[in-house]
Amino acid sequence: MEVIYNLFFYLISFVLIISALGVVFMPRIVYSAVSLILAFISVAGIFVMLNADFLAITQIIVYAVGITIILIFAIMLTGKISEKKLWIAFAPRTLFAFAISGAFFVTILFAITDGFKLVARESNIFSATLPSLETIETLQTEGTTGIIGKALFTKYVLPFEVLSLLLIAAMLGAIVMTKKSGDNLINHTTKTIEED
Amino acid sequence: MHELYMELFNKLGIPEIFGEITWPIIPFVCVAALLIIVVLFLVLMERKVLAWLTIRKGPNRVGPFGFFQTIADAIKLLIKEDIMSKDTNKILFTLAPMIVFAPIMVIYGLMPFTEKFVAINLAAGLFLVFALSSLTTVGIVLAGWASNNKYSLLGGMRSAAQAISYEIPLIISVLSIAVISETLNLSDIVDAQSGGISYNILLNWNIFSWNIWPAFIGFIVFFICSIAEVNRIPFDLPEAESELVSGYNTEYSGMKFALFFLAEYSALFIISVLMVTLFMGGYLSPFNGYLSNILFQNIIHNQIILNIFVHFEQAFWLLAKTYFVILIIMWIRATLPRLRADQLMTFSWKFLLPLSLLNLTIVAIVKYLLNTGNI
């Protein structure tokens with residue numbers, strides 16, 4: 001089973017790297033969007049290999065479908081971009097983008113090598129030890145949905161609610177932006193009082 | 001079964017690793033065969049039922065009562081020329097039918113057709129079903145865009161808008177099922193519906209413990225939304241013939257069109273199986289225990305043979321309920337006219353969404369009272 005696990009891991013990683021490169025280097029923006037779907041699904045595959053089934057499915061439903069559909073819509077509605085072939089321009093702006101992504105890369109590299117172990121030892125948020133074999137077996141049979149649900153509604157209930165506040169703010173912003181000035185926002189539960 | 005399969009590899013002298021890799025593929029081969037048979041039958045059934053409802057004869061030339069009509073149609077589609085107009089985006093045009101079809105095939109593997117015939121028994125199976133079914137929307141939008149045809153593009157856009165707005169009440173109504181059965185595993189959801197409401201005679205029939213009773217409003221919301229999800233009349237705006245020729249698949253022909261066609265009818269079957277699994281007890285019989293257990297237990301004493309009979313009975317109950325649901329969906333197709341686009345959106349956001357939230361509240365209160373023992 002070890003061999004099969006490794007085989008699938010390298011297969012998924014290969015697809016992930018190729019599709020991630022495709023997102024950046026594809027000349028047409030629609031192809032970039034399609035290879036982004038592939039990259040998101042490959043990330044979901046890596047989550048599955050780490051026994052994080054709930055996270056993997058959320059990855060598919062939120063990123064591979066939700067985000068990319070919005071992207072594809074945006075590309076379709078701005079018809080002129082989708083016709084042209086694009087390539088990286090050598091401008092100061094590009095260098096700036098390279099610098100930011102380089103900083104992110106270094107941060108992630110630090111996090112997955114030494115930094116993570118350091119942080120894990122200092123704080124008790126992440127456990128530095130690997131989960132026991134029994135824990136992994138129960139995770140594989142029962143899934144992680146229940147554990148995530150319990151954690152969200154007990155230990156992390158404040159961050160969870162704050163996040164929902166953020167979503168409501170975004171929604172209200174969208175309504176305010178799309179509202180025409182003449183729109184009647186009076187609903188069925190209220191009525192205007194006639195003044196004599 | 002697994003040991004038997006590995007032994008075969010040992011005897012042939014092929015390394016065991018190939019056996020381990022190919023073992024998970026076998027259920028998918030079975031599922032693919034099942035899918036083809038189901039769709040072939042479903043197309044014939046649809047044509048016959050519609051003919052019957054509109055007082056016509058329907059297909060009656062190929063084979064007895066026209067039974068081989070769909071097989072003839074399938075052969076015609078396979079040997080047809082694959083036409084691709086000059087201005088289409090060739091890569092995406094070819095890729096789109098595959099993106100539509102592949103997730104639906106995986107969903108077939110997730111469905112519990114009998115107690116044992118589940119290709120992928122996953123802890124979060126119910127969640128994965130919706131994740132994958134929403135993935136088909138991406139394929140439809142891409143098909144509409146890649147065709148470089150205004151009707152296709154409009155069809156694809158409409159399909160995406162419809163799928164997104166009807167998925168929300170659909171998933172909230174399904175959430176009530178997760179509340180009732182306390183699991184996302186589809187087999188466990190079916191098991192949780194057995195046993196009846198009391199030990200008395202007649203009240204211990206499985207039909208009384210189906211999820212349809214506590215979540216009746218949810219069932220209605222699910223039924224309406226599922227018709228919208230599979231783009232059927234009265235919600236068939238993405239492929240409205242009178243406005244958009246044929247919607248997103250206008251430019252397609254031959255095998256690529258066949259894939260869309262297959263995906264559409266498989267989705268109809270899948271959503272009906274899901275409805276039966278979630279609300280109507282899945283493969284459970286409506287009575288207390290299985291009929292074959294009661295009828296044959298004095299004749300057949302071999303437990304293994306009896307179990308085989310029980311499995312066939314489970315498949316029978318599932319298919320009987322599923323085809324009953326499909327019959328009602330076809331009946332609706334023959335009866336109702338098409339909605340307008342703005343009516344479609346208003347109906348989903350202003351009527352179905354509040355209704356599904358009401359259902360969730362009712363179910364949660366009932367569940368709380370049951371757990372604390374007040375009922």
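Definitions and limits used
- Residues numbered from 1 in each chain as written.
- Chains lettered and ligands numbered in written order.
- Predicted model: local features only at pLDDT ≥ 70, side-chain atom pairs only at ≥ 80, totals over all residues.
- Heavy atoms only, no water.
- Helix = DSSP H or I, 4+ residues; strand = E, 2+ residues; numbered from the N terminus.
- Rg over C-alpha atoms; globule rule 2.2 N^0.38 Å.
- Buried < 20%, exposed > 50% of the residue type's maximum accessible area, 1.4 Å probe, protein only.
- Contact = heavy atoms within 4.5 Å.
- Patch = residues over 30% accessible without salt bridge, like charges linked within 9 Å, V, L, I, M, F, W, Y side chains within 5 Å.
- Areas by Shrake-Rupley, 256 points an atom, 1.4 Å probe, with all protein chains shown as cover.
- Salt bridge = Lys/Arg side-chain N within 4 Å of Asp/Glu carboxyl O.
- Buried area = accessible area lost by both parts, 1.4 Å probe.
- Nonpolar A, V, L, I, M, F, W, Y, C, P; charged D, E, K, R; others polar.
- Domains from an automatic or database assignment.
- Axes fitted to C-alpha atoms, helices over the stretch in contact; angles between N-to-C directions.
- Parallel < 35°, antiparallel > 145°, perpendicular 65-115°, else oblique.
- Left-handed = near helix turned anticlockwise from the far one by under 90°.
- pLDDT = per-residue confidence, 0-100.
- 1 Å grid on protein atoms, 1.4 Å probe; cavity = no way out; pocket = protein on both sides within 12 Å on 5 of 7 lines; lining within 4 Å.
- Points joined across faces, edges and corners; volume = space filled by probe spheres on them.
- Phe/Tyr/Trp six-rings, centres within 6.5 Å; stacked < 30°, edge-to-face > 60°.
- Core = buried A, V, L, I, M, F, W, Y, C linked by side-chain atoms within 4.5 Å.

The subject of this paragraph is the overall build of chain B. A count of helical and extended segments in chain B gives 14 helices and zero strands. Reading the secondary structure of chain B in the N-to-C direction produces α-α-α-α-α-α-α-α-α-α-α-α-α-α. The globule rule puts the C-alpha radius of gyration for 375 residues at 21 Å, and the 22 Å found for chain B is close to it. Based on the C-alpha atoms only, the size of chain B along its principal axes is roughly 65 × 65 × 45 Å. Every one of the 375 residues in chain B was classed for burial, and the buried ones make up 49%. Across chain B, contacts joining residues at least 24 apart in sequence account for 76% of those joining residues at least 6 apart.

All names here are of chain B. A surface patch of nonpolar side chains, amounting to about 910 Å² of accessible area, comprises Val-62, Phe-65, Phe-67, Phe-68, Ile-71, Ile-75, Leu-78, Ile-79 and Met-255. With three residues, the top contributor of residues to the nonpolar patch is helix H4 (residues 69-78). Relative to the helices and strands, Ile-71 resides in helix H4.

Let us look at the interface of chain A and chain B. Counting residues at the interface gives 28 residues for chain A and 25 residues for chain B. Summing both sides of the interface, chain A and chain B together bury roughly 2,300 Å²; the carbon and sulfur share of this comes to 87%. Our count for the chain A to chain B interface comes out at zero salt bridges. Elements supplying a minimum of two residues to the side of chain A that touches chain B: helix H1 (2-25), helix H2 (29-49), helix H3 (53-77) and helix H6 (133-142) of chain A. Residues that form the side of chain A that touches chain B fall into these classes: 20 nonpolar, five polar and three charged.

Residues and elements named next belong to chain B. When its domains are assigned, chain B resolves into domain 1 (1-71) and domain 2 (80-372). Domain 1 and domain 2 are separated by 19 Å when their C-alpha centres are compared. Taken together, the contacts link 18 residues of domain 1 with 23 residues of domain 2. When domain 1 packs against domain 2, close to 1,900 Å² is buried across both sides, 87% of that on carbon and sulfur atoms. The interface formed by domain 1 and domain 2 holds two salt bridges in total.

Okay, the domain arrangement of chain A next. Partitioning chain A into domains gives domain 1 (1-86), domain 2 (88-132) and domain 3 (144-179). Using C-alpha coordinates to define each centre, domain 1 of chain A is positioned 25 Å away from domain 3 of chain A.

To continue, consider the packing of H3(A) against helix H6 (residues 125-146) of chain B. Put simply, H3(A) and H6(B) touch, their axes get as near as 9 Å, and they point 20° apart. The angle between the axes of H3(A) and H6(B) places the two elements in the roughly parallel class. The chirality of how H3(A) crosses H6(B) is left-handed. Between H3(A) and H6(B), the residues in contact are Phe54(A), Ile57(A), Thr58(A), Ile60(A), Ile61(A), Ala64(A), Val65(A), Ile69(A), Ile72(A), Phe73(A) and Met76(A) and Phe127(B), Leu128(B), Phe130(B), Ala131(B), Ser134(B), Leu135(B), Thr137(B), Val138(B), Val141(B), Leu142(B) and Trp145(B), respectively. Residue composition of the contact of H3(A) with H6(B), grouped by class: 19 nonpolar, three polar and no charged.

Attention now moves to the pattern of salt bridges. All names here are of chain B. Using the criterion set out here, one finds seven salt bridges over all chains in the structure. Put simply, Glu-182 and Lys-367 hold a salt bridge, and the shortest N to O gap is 3.5 Å. Of the two residues, Glu-182 sits in the loop between helix H7 (150-181) and helix H8 (186-191) while Lys-367 sits in helix H14 (residues 341-372), which places them 185 residues apart along the sequence. Here Glu-182 falls in the exposed class, since its relative accessible area comes to 57%. A salt bridge links Arg-340 to Asp-342; the shortest N-O distance between them is 3.0 Å. Its relative accessible area of 48% is what places Arg-340 among the partly exposed residues. Residue classification places Asp-342 among the partly exposed residues on the basis of a relative accessible area of 41%. Linked by salt bridges that have partners in common, Glu-46, Arg-232 and Arg-333 make up one network.

Before going further, it helps to spend a moment on the confidence of the model for chain A. The pLDDT averaged across chain A works out to 79; a share of 79% of its residues lies at or above 70. Of all the helices and strands in chain A, helix H4 (residues 79-83) of chain A carries the lowest mean pLDDT, 66, while H2(A) carries the highest, 88.

Take empty space enclosed by the protein next. Residue and element names in this part refer to chain B. Scanning the entire structure with this criterion turns up three cavities of 30 Å³ or more. Of the voids in this model, the largest cavity is the one considered here, and its volume is about 360 Å³. Taken together, 23 residues make up the lining of the largest cavity; nearest its centre are Ser-133, Thr-136, Glu-229, Val-230 and Ala-267. Of all the secondary structure elements, the ones that give two or more residues to the lining of the largest cavity are helix H5 (90-110), H6, H7 and helix H11 (254-279). Of the residues that constitute the lining of the largest cavity, the class distribution is 16 nonpolar, five polar and two charged.

Residues and elements named next belong to chain B. All chains considered together, the criterion is met by 21 aromatic pairs over all chains. Here the aromatic rings of Phe-93 and Tyr-252 are separated by 4.1 Å at their centres, their planes lie at 5°, and the arrangement is stacked. One end of the pair, Phe-93, is in helix H5; the other, Tyr-252, is in the loop between helix H10 (241-244) and H11, with 159 residues separating them in the sequence. Residue Phe-93 is classed as buried on the basis of its relative accessible area, which comes to 1%. For Tyr-252, a relative accessible area of 6% puts it in the buried group. Through successive ring pairs, a cluster of aromatic residues spans Phe-216, Phe-219, Phe-222, Phe-223 and Phe-279.

Residue and element names in this part refer to chain B. Formed by 111 residues in total, the largest nonpolar core has its most connected members in Tyr-108, Leu-126, Phe-222, Phe-269, Leu-274, Leu-278 and Phe-279. Counting residues per element, this core draws most heavily on H11, at 16 residues. Those residues in contact with Leu-126 that sit more than four places away from it in its chain are Val-174, Leu-184, Leu-186, Ile-189, Leu-274 and Leu-278.

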